[in-house]
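Report on the structure
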Amino acid sequence: MRIALGAFSHEANTFSPHPTTWEDFNARHLRRGEAVLEGLKGLATEEAGAMSVLGEQAGCQVLPLLSAKALSGGPVLEGVFRGLLDELLERLRAALLVDGVLLVLHGAMMAEGEPDATGEILRAVRELVGPKVPVVGTLDLHANVTQRMVEQATALIGYHTAPHVDAYETGQTAARILLDTVWGKIKPVMALERLPMIVPAENARHTEGPLSEVIGMALALEREGLILHGGVYAVQPWMDTEDLGCSVVVVGDGDAASARLHARTLARAFWERRQAFMP
């Protein structure tokens, strides 16, 4: 089994006067090839969590591609975004054929000329590997999940915490869902519910308050085995883009109608608590 692993992560803040440049990625995290897998032991990252699952699977060969991460800032310069995406695709093309792709993403990336940068990454990867290869991505809880992202991915797995303390577990979940999909044990289907709502980040925590209640409902559905994953996305509010809003993404196993039902239930609970987010 051959699993390609890559990362391309950035959180846009369009109110920042500083566009995200090559220097921002170099200063934060930019690794290529085998270096992507170095030094993961003891880290609480999605890659470390994923490798704790993939690395224990007999016969699983992990093919590291590119890992590019920058701190939150202005949209990524067009040349930087296209350069990194082209390199990711070149390395993936060289690794073909693969049985699955795991991408560490953020979900609130924007680039010059590409407001849905995460959707563009997933589209380009999907175009390269074809419709049958599972593509699983990890997302930050502040992702701005678009219809294109859901259409191009097999499954999107998000944090359940803000402040974020479950990146490792998110990577583990993504890897398990990817492996089970490759083996034919599950058939992921996704349901997306977008909400015309942006909430204050300081009142959107998993520890208390309205967001914690909706996340708790999603976790209960997971524990009961009714869904594979329930992502409740409070969105990055500092993005000046037309297609912006909180969302819910449910990953179900083969039953699209059930996934839609649970997504709508969670979205309704999210919407009904909208006034509780106000300071």
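Only a predicted model underlies this, so the values are computations on that prediction, with no experimental measurement involved.

The rules behind the values
Residues numbered from 1 in each chain as written. Predicted model: local features only at pLDDT ≥ 70, side-chain atom pairs only at ≥ 80, totals over all residues. Heavy atoms only, no water. Helix = DSSP H or I, 4+ residues; strand = E, 2+ residues; numbered from the N terminus. Phe/Tyr/Trp six-rings, centres within 6.5 Å; stacked < 30°, edge-to-face > 60°. Buried < 20%, exposed > 50% of the residue type's maximum accessible area, 1.4 Å probe, protein only. Pairing = 2+ DSSP bridges. Axes fitted to C-alpha atoms, helices over the stretch in contact; angles between N-to-C directions. Contact = heavy atoms within 4.5 Å. Core = buried A, V, L, I, M, F, W, Y, C linked by side-chain atoms within 4.5 Å. Parallel < 35°, antiparallel > 145°, perpendicular 65-115°, else oblique. Left-handed = near helix turned anticlockwise from the far one by under 90°. Expected span 1.5 Å × (residues − 1).

Points about unusual backbone geometry
Note that the residue after Leu 96, namely Leu 97, is joined by a cis bond; omega there is 5°. Along the polypeptide, Leu 97 turns up in the loop between helix H3 (78-95) and strand E6 (100-104). Omega for the peptide link from Ala 162 to Pro 163 comes to 5°, which places this bond in the cis form. Inspection of the secondary structure assignment puts Pro 163 in the loop between strand E8 (155-158) and helix H6 (167-183).

Things to note about the packing of aromatic side chains
Following the criterion strictly, the structure yields 3 aromatic pairs and no others. Ring geometry for Phe 8 against Phe 81: centres 5.6 Å apart, planes inclined by 25°, an arrangement best described as stacked. With Phe 8 in strand E1 (residues 2-9) and Phe 81 in helix H3, this residue pair connects regions lying 73 residues apart in the sequence. Comparing Phe 8 with Phe 81, the two get one shared label, buried. Taken together, a centroid distance of 5.9 Å and an interplanar angle of 50° make the contact between Phe 270 and Phe 277 tilted. For the pair Phe 270 and Phe 277, one class covers both residues: buried. Members of the aromatic cluster, each reached through a chain of ring pairs, are Phe 8, Phe 25 and Phe 81.

Section: the sheet that holds E8
Spatially, the 6 strands line up as an open sheet ordered E3-E4-E1-E6-E7-E8, and their pairing is mixed. For this open sheet the edge positions go to strand E3 (29-32) and E8, each flanked by a neighbour on one side alone. Adjacent strand axes in the sheet meet at a mean angle of 20°, parallel and antiparallel pairs treated alike. Two strands pair when backbone bridges link them, and strand E7 (residues 135-139) and E8 are joined in this way by 4 bridges, in the parallel orientation. By the bridge assignment, Thr 138 is partnered in E8 with Ile 157. Packing against the sheet, H3 makes contact with E1, E3, strand E4 (61-69) and E6, and its axis sits at approximately 175° to E4. Across the sheet, H6 touches E1, E6, E7 and E8, and the angle it forms with E8 is around 160°.

A word on the nonpolar core
Of all hydrophobic cores here, the largest spans 63 residues; its most connected members are Phe 8, Phe 81, Val 101, Ile 121, Val 145 and Leu 156. If one sorts the elements of this core by residue count, H3 sits on top with 8 residues. The contact partners of Ile 121, leaving out residues within four places of it in the chain, are Phe 8, Phe 81, Leu 85, Leu 88, Leu 103, Leu 105 and Met 109. Residues Met 110, Leu 141, Tyr 159 and Leu 211 belong to the second largest nonpolar core, which totals 32 residues.

A short note on the packing of helix H7 (residues 210-223) against helix H8 (residues 256-272)
Geometrically, a packed helix pair is captured by the angle between its two axes and the distance between the axes. For the pair H7 and H8, interaxial distance at closest approach is 9 Å and the crossing angle is 165°. Here H7 is positioned roughly antiparallel relative to H8, judged by the angle of their axes. The chirality of how H7 crosses H8 is right-handed. Contacts between H7 and H8 involve Leu 211, Val 214, Met 217, Ala 218 and Leu 221 from the first element and His 262, Leu 266, Ala 269 and Phe 270 from the second.

Things to note about the sheet that holds strand E9 (residues 188-194)
Across the sheet, which stays open at both edges, the 3 strands sit in the order E9-E11-E10 with antiparallel pairing between neighbours. Of all the strands in the sheet, just E9 and strand E10 (229-233) have a single pairing partner and so form its edges. Strand-to-strand twist across the sheet, computed as the mean angle between neighbouring axes with direction ignored, equals 10°.

Observations regarding the pairing of E10
The element E10 is largely enclosed, with a buried count of 5 among its 5 residues. As paired elements, E10 and strand E11 (residues 247-253) share 5 bridges and run antiparallel to each other. Bridge pairing in E11 places Val 232 opposite Val 248.

Observations concerning helix H4 (residues 117-129)
For H4, built from 13 residues, the straight-helix expectation of 18 Å at 1.5 Å per residue is met to within 8% by its first-to-last C-alpha distance of 19 Å. Among the 13 residues of H4, 10 are classified as buried, and the element is accordingly described as predominantly covered. Looking at the buried residues of H4, the elements they touch are E1, H3, E6, E7, helix H5 (147-152) and E8.

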